[in-house]
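Residues per chain are reported as follows:
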Number of protein chains: 2
Amino acid sequence: MIDAPYVLFLGDAPDQLAAKVAQGIRDWRPESVVGQVRLPGCKADVGVPDVTLAEAREKGAKTLVIGVANRGGVISESWKAELHTALEQGFDLASGLHNLLRDEADLVRTAEAHGRRLFDVRVPNVEYPIGNGAPRSGKRCLAVGTDCSVGKMYTALAMEREMRARGMAATFRATGQTGILITGDGVPLDAVVADFMAGAVEWLSPENEPDHWDLIEGQGSLFHPSFSGVTMALIHGGQPDALILSHEPTRTHMRGLPHFGLPTLEAVRDQSLALARIVNPAAQVVAVSVNTKALGEDDALRCLEEIEGRIGLPAADPFRRGAGRLVDALAAV
Amino acid sequence: MIDAPYVLFLGDAPDQLAAKVAQGIRDWRPESVVGQVRLPGCKADVGVPDVTLAEAREKGAKTLVIGVANRGGVISESWKAELHTALEQGFDLASGLHNLLRDEADLVRTAEAHGRRLFDVRVPNVEYPIGNGAPRSGKRCLAVGTDCSVGKMYTALAMEREMRARGMAATFRATGQTGILITGDGVPLDAVVADFMAGAVEWLSPENEPDHWDLIEGQGSLFHPSFSGVTMALIHGGQPDALILSHEPTRTHMRGLPHFGLPTLEAVRDQSLALARIVNPAAQVVAVSVNTKALGEDDALRCLEEIEGRIGLPAADPFRRGAGRLVDALAAV
């Protein structure tokens, strides 16, 4: 568990997109953020106060989160002085980069000398159990996509926010690097060893109060041949009561695979439901979350109406209009 | 790639079952075995000549394979003297035990001093790619089970033997420890990191001659919630042309999960086929391999007839009568 609040390190981000992890934390956990640290030349700004490390400490920040990714996912030498200073001043460091903090001998030495922790959220730091498929109390929702990167994380976070606003008990359960940095906890599922994937998801979403919902972050797609095994483990380890179909209507082929067309929403619905019912016979598909950000307002509306009419389930775009209709569907389960 | 031929190390195996890895190698690759090395008190015998290490060297053996598992999968201290001697005499060592050879500092030192290799087949030693689902030339067969441990490896090995006897081009592709030790090569799929599972299977079964069959060793079951993600990766990474359903008819619940009943063969057929066709639209389910060893001859025959009548596919027990009918079904694809 990464200690909040955070100060967000934007480094020398060449553009706003490079700081999307910091932006995600700012958007979804603003109460965890005391400010941003930017180096000379930084072209990103996530809309929180610029602070020095000393100011961040005064405001209570406990962890400096590297919220920037440069090409190659490496820890830039130009960041090092600030990272060492942060450790010396009492911050833990957290990163989702490929290049691990723990592999940087100089950072490890400084962290040890000052009794600080280095969190590499890209790799597991827990010995997960083997899954057992036993029913668990509490309710679970999982977004399953027609493809990777269609908005599953956003959907779950938007639903969590809406549910909390309604006074419902809801917890986003992160399964990817960005989600883990946003919430400070989770399972980097794509880095878990095969035999322990389902067990890691069970561990992530333990027994809970009967009316509590876990919103488990989806990954991959049953129809994406590179990552379908990860999706399968989420469906069986997560044993969802409710499935949300996630879709991006302008995608012409599976992400990274030009030779693979997208499945229909109907195919994703039927396949996911059949597999989900192996562990949870009561599983239902309750709604469709459509990421229409590539469409204009009129086209988006038409798209949602078409899907809703065809599939016979509420179709909504949480990016555009909030997650209200998705949560209505969940509340009806 | 582990160099053959082998000498099989049975250590102080307390019973025949403890030497089942050695027995598997003896049964399926007798041409790779020059003999067995047994320590005082060994209660197993895999039916090959007892040899000293020196005799094994004279017969050309290049690798000493630890073909015995004791409780806990550890490398016993009582084996150490013989293992050191083997390294000194020029053997590589290969093991599928949980306790890795590479984690035994004394063995590592001796191996380094004598330029020998230590193969721990339980952990990957290759950086597998991410799968891309691109069609590959050659044909592929995968056994998919109603459960784990129903005879999928045996089925694939028996089919390979029968196909080679018929002059067909066929290669067993190992995905588990025992299979890797039998063939000297393969992917320990349950130990591969999630994101690379499908890519590892693609790597294992590359492009080949149009009439060549890879017989990919199946793992887990789509209906076993602990390991279904591994099975999914095999179906999508393996992109089988032919699926064989594997079943053990006396099993009353999923292995290790008393609260999970077995799926029907029909459910495994339909679910596996729908998922296989995502990557290979021509995929077919061609036969049923039934492990009837818990039944008497009459009951076994009735069981096979019942399944064959119900499913409408050839049903055969390769343990009992050979893999001829399964290969007939494959040859008809």
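Because the structure is a prediction, the values reported are computed rather than measured. (Residues numbered from 1 in each chain as written. Chains lettered and ligands numbered in written order. Predicted model: local features only at pLDDT ≥ 70, side-chain atom pairs only at ≥ 80, totals over all residues. Heavy atoms only, no water.)

Visitor: When you look at the sheet that holds strand β8 (residues 213-216) of chain A in this model, what are you seeing that I'm missing?
Guide: Picture the strands of a sheet paired through backbone hydrogen bonds; they go either parallel or antiparallel. Residues and elements named next belong to chain A. Strand order in the open sheet formed by six strands is β7-β8-β6-β9-β10-β11, with parallel pairing between adjacent strands. One side of each edge strand has no neighbouring strand; the edge strands of this open sheet are β7 (170-173) and β11 (315-316). In this structure, strand β10 (residues 284-290) lies alongside β11, joined through two bridges in parallel fashion. Residue pairing in the sheet places V288 in a bridge with A315 of β11. (Pairing = 2+ DSSP bridges. Helix = DSSP H or I, 4+ residues; strand = E, 2+ residues; numbered from the N terminus.)

Visitor: Explain the interface of chain B and chain A here, please?
Guide: A common way to report how large an interface is uses the accessible area buried once the components associate. Counting from both sides, the interface comprises 34 residues of chain B and, opposite them, 34 residues of chain A. In total, about 2,600 Å² of surface goes out of reach between chain B and chain A, with carbon and sulfur atoms giving 64% of it. Here chain B and chain A share zero salt bridges between them. Linking chain B with chain A are 10 residue pairs in polar contact (both at pLDDT 80 or more), by the criterion used here. Elements with a minimum of two residues in the side of chain B that touches chain A: α7 (197-204), α8 (228-238) and α9 (265-279) of chain B. If you tally residues by element for the side of chain B that touches chain A, the top one is α8(B), at six residues. Looking at the side of chain B that touches chain A residue by residue, the class counts come to 23 nonpolar, nine polar and two charged. (Contact = heavy atoms within 4.5 Å. Buried area = accessible area lost by both parts, 1.4 Å probe. Salt bridge = Lys/Arg side-chain N within 4 Å of Asp/Glu carboxyl O. Polar contact = N/O pair within 3.5 Å; in protein donor to acceptor, adjacent residues only side chain to side chain. Nonpolar A, V, L, I, M, F, W, Y, C, P; charged D, E, K, R; others polar.)

Visitor: How should the side chain of B:S205 be read in this particular structure?
Guide: Summarising the element assignment, B:S205 is placed in the loop between α7 and β8 (213-216). Setting aside chain neighbours within four positions, we find B:S205 in contact with B:R136, B:R140, B:R173, B:D214 and B:I216.

Visitor: Help me out: how do you make sense of the environment of A:A4 in this one?
Guide: Residues and elements named next belong to chain A. Position of A4 among the secondary structure elements: in the segment before β1 (6-11). A residue is classified by how much of its surface remains accessible, and A4, at 36% relative accessible area, is partly exposed. Expressed as a C-alpha distance, the spacing of A4 and E31, which sit 27 residues apart in the sequence, is 9.2 Å. Other than its neighbours up to four places away in sequence, A4 contacts S32 and K62. (Buried < 20%, exposed > 50% of the residue type's maximum accessible area, 1.4 Å probe, protein only.)

Visitor: For this particular structure, what's the right way to read the pairing of strand β4 (residues 92-95) of chain B?
Guide: Every regular strand shows the same layout, with side chains that alternate between the two sheet faces. Residues and elements named next belong to chain B. Going residue by residue along β4, you find D92 and A94 tucked away on one face and L93 and S95 tucked away on the opposite face as well. Relative to β4, strand β3 (residues 63-66) runs parallel, the two sharing three bridges. Looking at β4, one finds that L64 is bridged to L93. Handedness of the β3-helix α3 (residues 80-88)-β4 crossover: right-handed. Pairing analysis gives three bridges linking β4 to strand β5 (residues 118-120), with the strands arranged parallel. Its bridge partner being in β5, L93 is matched across the sheet by L118. For the crossover from β4 across helix α4 (residues 105-113) to β5, the handedness is right-handed. (Right-handed = clockwise from strand over helix to strand, strands pointing away.)

Visitor: Where do I start with the confidence of the model for chain A in this structure?
Guide: Any segment with low pLDDT has predicted coordinates that should not be analysed in fine detail. Averaged over every residue, the pLDDT of chain A is 96; residues scoring 70 or more account for 100%. Both scores are available for the predicted complex, with the pTM at 0.95 and the ipTM at 0.94. (pLDDT = per-residue confidence, 0-100.)

Visitor: Please clarify how α3(B) should be interpreted in this entry.
Guide: Given 3.6 residues to a turn, an α-helix orients residues that are three or four positions apart in the same direction. Residue and element names in this part refer to chain B. Turning to α3, its buried residues are K80, L83, H84, A86 and L87. Down the axis of α3, the smallest arc covering the buried residues is 155 degrees, so these residues share one side. Close packing links the buried residues of α3 with β1 (6-11), α2 (53-58), β3, β4, α4 and β5. Backbone geometry just after α3 places G90 at a positive phi near 105 degrees. (Arc of directions from axis to C-beta.)

Visitor: Explanation requested: the relation of the copies chain B and chain A in the structure shown.
Guide: Both copies of the chain are related by one operation, a rotation about an axis with a shift along it. With an axial shift of 0.0 Å and an RMSD of 0.1 Å, the rotation relating chain B to chain A amounts to 180 degrees. Seen this way, the second copy is the image of the first under a two-fold rotation axis. In this assembly the copies share their binding face: 100% of the residues contributing to the interface of chain B also contribute to that of chain A. (Least-squares fit on C-alpha atoms with pLDDT ≥ 70 in both.)

Visitor: Explain the sheet that holds β3(B) to me, please; I cannot follow it from the model alone.
Guide: Residue and element names in this part refer to chain B. Pairing within the open sheet is parallel, and its five strands lie in the order β2-β1-β3-β4-β5. Strands at the two margins of the open sheet, each flanked by one partner only, are β2 (33-38) and β5. Averaged over all pairs of adjacent strands, the angle between strand axes in this sheet comes to 20 degrees, irrespective of strand direction. (Axes fitted to C-alpha atoms, helices over the stretch in contact; angles between N-to-C directions.)

Visitor: Explain the pattern of salt bridges to me, please; I cannot follow it from the model alone.
Guide: Two side chains of opposite charge can pair, provided their charged atoms sit close to one another. Per the stated rule, a full pass over the model turns up 46 salt bridges over all chains. In this structure, B:R38 engages B:D50 in a salt bridge whose closest nitrogen and oxygen atoms are separated by 2.8 Å. Of this pair, B:R38 sits in strand β2 while B:D50 sits in the loop between β2 and α2, and the two are 12 residues apart along the sequence. What makes B:D50 partly exposed here is its relative accessible area of 44%. In this structure, B:R302 engages B:D299 in a salt bridge whose closest nitrogen and oxygen atoms are separated by 2.5 Å. Linking B:R302 with B:D299, this pair stays in helix α10 (residues 297-311), spanning three residues, or about one helical turn. B:D299 sits in the partly exposed class, given a relative accessible area of 38%. A cluster of three or more residues bridged by salt bridges with shared partners is formed by A:D3, A:D92, A:R116 and A:R117.

Visitor: Would you mind showing me how to read the packing of aromatic side chains here?
Guide: For any pair of aromatic rings, the description rests on two quantities: the centre-to-centre distance and the angle between the ring planes. Inspection of the entire model under this criterion finds eight aromatic pairs over all chains. The interplanar angle of 85 degrees and the centroid separation of 5.1 Å between the aromatic rings of B:W28 and B:Y154 together place this pair among those described as edge-to-face. You can see B:W28 sitting in helix α1 (residues 20-28) and its partner B:Y154 sitting in helix α5 (residues 152-165), a full 126 residues away along the chain. Each residue in the set A:W28, A:Y154 and A:F319 is aromatic and connected to the rest through ring pairs, giving one cluster. One cation-aromatic arrangement involves A:R57 over A:F91; the distance from NZ or CZ to the ring centre is 5.2 Å. (Phe/Tyr/Trp six-rings, centres within 6.5 Å; stacked < 30°, edge-to-face > 60°. Lys NZ or Arg CZ within 6 Å of the ring centre and 35° of its normal.)

Visitor: In this structure, what is going on with the side chain of B:T292? I would like to understand it.
Guide: Examined against the element boundaries, B:T292 turns out to sit in the loop between β10 (284-290) and α10. Apart from residues lying up to four places away in sequence, B:T292 is in contact with B:A300, B:L304, B:D317 and B:R320.

Visitor: Looking at this model, I keep getting lost on the packing of helix α7 (residues 197-204) of chain A against helix α8 (residues 228-238) of chain A. Mind explaining?
Guide: Relative orientation and spacing of two packed helices are given, respectively, by the angle between their axes and the distance between those axes. Residue and element names in this part refer to chain A. Packing of α7 against α8 brings their axes to within 8 Å, and their N-to-C directions diverge by 45 degrees. By the angle between their directions, the pair α7 and α8 is classed as oblique. Seen from above, α7 lies across α8 with right-handed handedness. In this structure, α7 uses M197, A198, V201 and E202 to contact α8, whose residues at the interface are G229, V230, A233, L234, G237 and G238. Here the contact of α7 with α8 is built from residues that sort into six nonpolar, three polar and one charged. (Parallel < 35°, antiparallel > 145°, perpendicular 65-115°, else oblique. Left-handed = near helix turned anticlockwise from the far one by under 90°.)

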